[in-house]
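Letter by letter, the chains look like this.
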Amino acid sequence: MISAYILITMQPGKSDKAIKEMRQIDNVAKISIIAGEYDIVVRAQVKNLEELLDVTDKLQMVEGVNKTTTQIIEKEISLQ
Amino acid sequence: MIIRKKYLFYVLAITSSFITAAVTGIDSFVGGQSAFKYDPWAFAFSLFFVGAIVTFLIALILSIKFKGKSVGAKILDPSFKQVRMVQKSEMKYHLVAGLMNAINTVGYCAIVSTVQDPSVILSFSQIVILYLLLMESITEKDVPTLVEVQSSIIVTFGAILASISLTGEFQWLPIIIVFLVVNPTWAVFSIYQRKLKIMRIHNKPNDSINIRLWNVVFSCIFTSVILFIFDIFTSGGHLIAAFTTSINLYYFLLLALTMGTTFFAYVLYIRSLGMGKASVNNALRASTIIFAIPFSIILLQLGVITDFSTDPVMLIIKVIGIVMIVMGIISFALTVVKAYIFVTVKTGRPLRETMQKLWNIRGVTHVTITTGKYDFVVKVSTRTLMKGYERIIKKLDEIDEVNKYRWASVLKDWEKI
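S.K.: Just give me the short version of the overall build of chain B, but keep the residues and values in it.
M.R.: Regarding its fold elements, chain B presents 17 helices and 9 strands. Residues classed as buried in chain B amount to 54% of the 417 residues present. Long-range contacts, defined here as pairs at least 24 residues apart, represent 79% of the contacts in chain B between residues at least 6 apart. Looking at chain B as shown, the accessible area adds up to about 18,900 Å², and 68% of this sits on carbon and sulfur atoms.

As structure tokens, this is what we get:
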């Protein structure tokens, strides 16, 4: 299983509608609206890199998405 | 389905409380049966004995695969695959949690058998939240904040007011049992169940269904041992009586109903323990007292219970208690600040060591090493932004390997359930 954070910058005023679309995308495990350099962080959980490409493709097609930056997780420590 | 993450934690804990309230109603009916009414020790053993069988059967049904995933993963816990044996790494936690659950139940039974109206005494078991706060401040990575302590105290005293009864006799021995046996064992039990839930088994999150299954099995073993020793010293026959009663079809079905329902309450409770501290979980669990009211009314209508106070003073006290519980829970829910920190580190420094340094910072809930623009994506959780600066940013500044970081507060988040 491959996990990745996809950091997204949005056009102003498009976040609400975009989030609704993103929640429908397969393999999206978490979505956070954040304040700062990026507007949205999506955590994707996929079986292989091909599926990750599908997720980023679908995210880039969501209206209002300006740019995506993908951070693939190599190692993780977590409380949950 | 993807829902707001903070809601998921509260939905799990409060749904568990609702089911627990239903179980309390069923318990009062089952416990009132002639075989158990005068022998609460037999009731304790029978619950675990039948509970182990029923829990195993439910877990087996939940292991059935449907469209590539187990039924349990679809409806209860996404981490669940199938029934499995206890792993070596989790054995000591299961032994402690099982022993604590057994002692807790035996302590509970001792109170029920000596006090005419146990609600006078058992309302003090809500103070377990304060025990947990104290234990967490010693053992957990994330020390309780002032807001958590205040909210917990509000919930605790609210729960005492809401559940106290002015009708029974006040005795010191049962009170001592609550403070020295029931509360500490429940606190340790909760902490060890949480430790099990946040463990990784075969590099995957542990699941609450197997945790519950094995807890019932170990609790059954320990209860048998305690009851066996008790029988030897008192020349009693509780263990044999309990076993005989358990295999009677009528009692077996009643016990199966109560333990089958309890299974779902505990699985959700254990899952929520994996998402939040045991003290916060137990504070949310105090809402059981509110949910128990409609079940008590149903039981009253069915004639299962006859004693239900309608004294106006008592009702006012109970309403004040309920308001305090709700206020405390809302206070918990509205005071969490979460953030991502995107970190880049200086070149030539070992990432694993830096990862451990980041993980050691209080309030850090996730640390991930990532490829791409940033070397680490760190997730933090704190009660206030001020604490975020004092506990997290200051500590981050002290890590020599860190080159640059960006703080991004989470404004709203959703998680797949």
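S.K.: Mind laying out a nonpolar patch on the surface, listing which residues take part and the relevant values?
M.R.: Residues and elements named next belong to chain B. A contiguous nonpolar patch, built from Ile221, Val225, Phe228, Ile229, Ile232 and Phe233 and spanning about 630 Å² of accessible area, is present on the exposed surface. When you line up the elements, valine 225 lands in helix H10 (residues 208–234). Assessed through its relative accessible area of 41%, valine 225 is described here as partly exposed.

S.K.: Describe the packing of aromatic side chains, with residues and values.
M.R.: Following the criterion strictly, the structure yields 16 aromatic pairs over all chains and no others. A centroid spacing of 6.3 Å and a plane angle of 90° characterise the contact between tyrosine 266 of chain B and tyrosine 269 of chain B, whose relative ring orientation is edge-to-face. Of this pair, tyrosine 266 of chain B and tyrosine 269 of chain B both sit in helix H12 (residues 249–273), 3 residues apart, which is roughly one turn of the helix. Members of the aromatic cluster, joined through ring pairs, are Tyr5 and Tyr38 of chain A together with Tyr340, Phe342 and Tyr374 of chain B. For arginine 43 of chain A, the ring lying beneath its charged end belongs to tyrosine 5 of chain A, and the centroid distance is 5.5 Å. Taking the ring centre of tyrosine 266 of chain B as reference, the NZ or CZ of arginine 212 of chain B above it sits at 4.1 Å.

S.K.: Outline H12 of chain B, listing residues and values.
M.R.: All names here are of chain B. An ideal rise of 1.5 Å per residue puts 36 Å on 25 residues; H12 measures up with 35 Å between its terminal C-alpha atoms. A large share of H12 lies buried, amounting to 18 of its 25 residues. Regarding H12, its N-cap is asparagine 248, as a side-chain oxygen of that residue lies 2.9 Å from the backbone nitrogen of tyrosine 250 further along.

S.K.: Tell me about the nonpolar core, and please be specific about residues and values.
M.R.: Generally speaking, soluble globular proteins have nonpolar side chains that are buried together. All names here are of chain B. Val30, Leu62, Leu76, Ile209, Leu255 and Phe263 are the most contacted members of the largest nonpolar core, which has 53 residues in total. At the level of secondary structure, the elements contributing two or more residues to this core comprise helix H1 (5–31), helix H3 (40–62), helix H5 (88–114), helix H9 (172–197), H10, helix H11 (238–246), H12 and helix H13 (278–285). Element by element, the count of residues in this core is highest for H3, at 13 residues. If we skip the residues at most four places from it in the chain, valine 30 touches Phe36, Phe43, Leu254 and Leu255.

S.K.: Quick rundown of unusual backbone geometry? Include the residues and the values.
M.R.: Residues and elements named next belong to chain A. If you check the backbone angles, asparagine 27 has positive phi at about 70° while not being a glycine. Relative to the helices and strands, asparagine 27 resides in the loop between helix H1 (15–22) and strand E2 (28–34). Among the residues examined, asparagine 27 registers a relative accessible area of 27% and is labelled partly exposed.

S.K.: Kindly report on the environment of methionine 100 of chain B, identifying the contributing residues and their values.
M.R.: Positionally, methionine 100 of chain B belongs in helix H5. Dropping the residues within four chain positions of it, methionine 100 of chain B is found in contact with Thr185, Val188 and Phe189 of chain B.

S.K.: Outline the pattern of salt bridges, listing residues and values.
M.R.: As enumerated under the stated definition, the model contains 11 salt bridges over all chains in all. We note a salt bridge from lysine 14 of chain A to glutamate 63 of chain A, for which the minimum N-O separation is 3.5 Å. With a gap of 49 residues between them, lysine 14 of chain A in the loop between strand E1 (2–10) and H1 and glutamate 63 of chain A in the loop between helix H2 (49–61) and strand E4 (65–78) connect regions that are remote in the sequence. The partner of lysine 357 of chain B in a salt bridge is glutamate 401 of chain B, and the shortest N-O contact between them spans 2.9 Å. Of this pair, lysine 357 of chain B sits in helix H16 (residues 351–359) while glutamate 401 of chain B is found in the loop between helix H17 (385–398) and strand E9 (402–416), placing the two residues 44 residues apart along the sequence. Since its relative accessible area comes to 37%, lysine 357 of chain B is described here as partly exposed. Shared partners join several salt bridges into a network, and the residues in it are Lys14, Lys17 and Glu63 of chain A.

S.K.: How would you summarise the packing of H3 of chain B against H10 of chain B if you had to cite specific residues and measurements?
M.R.: Residues and elements named next belong to chain B. Look at H3 against H10: their axes get within 9 Å of each other, and the N-to-C directions meet at 155°. Taken as axis vectors, H3 and H10 run roughly antiparallel relative to one another. Between H3 and H10 lies a crossing of left-handed hand. In contact with Trp41, Ala44, Phe45, Phe48, Phe49, Gly51, Ala52, Thr55, Phe56, Ala59 and Leu62 of H3, H10 contributes Ile209, Arg212, Leu213, Val216, Val217, Ser219, Cys220, Thr223, Ser224, Leu227 and Phe230.

S.K.: An account of the interface of chain A and chain B is needed here, citing residue identities and associated values.
M.R.: Taken together, the contact pairs 29 residues of chain A with 36 residues of chain B. For the pair chain A and chain B, the two sides together bury roughly 3,300 Å², of which 56% comes from carbon and sulfur. The interface formed by chain A and chain B holds 2 salt bridges in total. With a closest N to O distance of 2.9 Å, arginine 406 of chain B and glutamate 37 of chain A form a salt bridge. The interface formed by chain A and chain B includes 17 residue pairs in polar contact (both at pLDDT 80 or more). If you list the elements that add at least two residues to the side of chain A that touches chain B, you get E1, E2, strand E3 (40–46) and E4 of chain A. Here the side of chain A that touches chain B takes 10 residues from E4 of chain A, the largest share from any one element. A per-class count over the side of chain A that touches chain B returns 15 nonpolar, 7 polar and 7 charged.

S.K.: Pulling in residues and values, what's your account of the pairing of E3 of chain A?
M.R.: Residues and elements named next belong to chain A. Here E3 lies mainly inside the structure; 6 of its 7 residues are buried. Relative to E3, E1 runs antiparallel, the two being bridged by 7 bridges. Within E3, the residue paired with alanine 4 across the bridge is alanine 44. Summarising the sheet, E2 and E3 pair through 5 bridges and their orientation is antiparallel. Along E3, the bridge assignment pairs serine 32 with valine 41. The turn linking E2 back onto E3 is made up of 5 residues, and glycine 36 within it adopts a positive phi angle of 140°.

Basis of the calculations
Residues numbered from 1 in each chain as written. Chains lettered and ligands numbered in written order. Predicted model: local features only at pLDDT ≥ 70, side-chain atom pairs only at ≥ 80, totals over all residues. Heavy atoms only, no water. Helix = DSSP H or I, 4+ residues; strand = E, 2+ residues; numbered from the N terminus. Buried < 20%, exposed > 50% of the residue type's maximum accessible area, 1.4 Å probe, protein only. Contact = heavy atoms within 4.5 Å. Areas by Shrake-Rupley, 256 points an atom, 1.4 Å probe, with all protein chains shown as cover. Patch = residues over 30% accessible without salt bridge, like charges linked within 9 Å, V, L, I, M, F, W, Y side chains within 5 Å. Salt bridge = Lys/Arg side-chain N within 4 Å of Asp/Glu carboxyl O. Phe/Tyr/Trp six-rings, centres within 6.5 Å; stacked < 30°, edge-to-face > 60°. Lys NZ or Arg CZ within 6 Å of the ring centre and 35° of its normal. Expected span 1.5 Å × (residues − 1). Polar contact = N/O pair within 3.5 Å; in protein donor to acceptor, adjacent residues only side chain to side chain. Core = buried A, V, L, I, M, F, W, Y, C linked by side-chain atoms within 4.5 Å. Axes fitted to C-alpha atoms, helices over the stretch in contact; angles between N-to-C directions. Parallel < 35°, antiparallel > 145°, perpendicular 65-115°, else oblique. Left-handed = near helix turned anticlockwise from the far one by under 90°. Buried area = accessible area lost by both parts, 1.4 Å probe. Nonpolar A, V, L, I, M, F, W, Y, C, P; charged D, E, K, R; others polar. Pairing = 2+ DSSP bridges.

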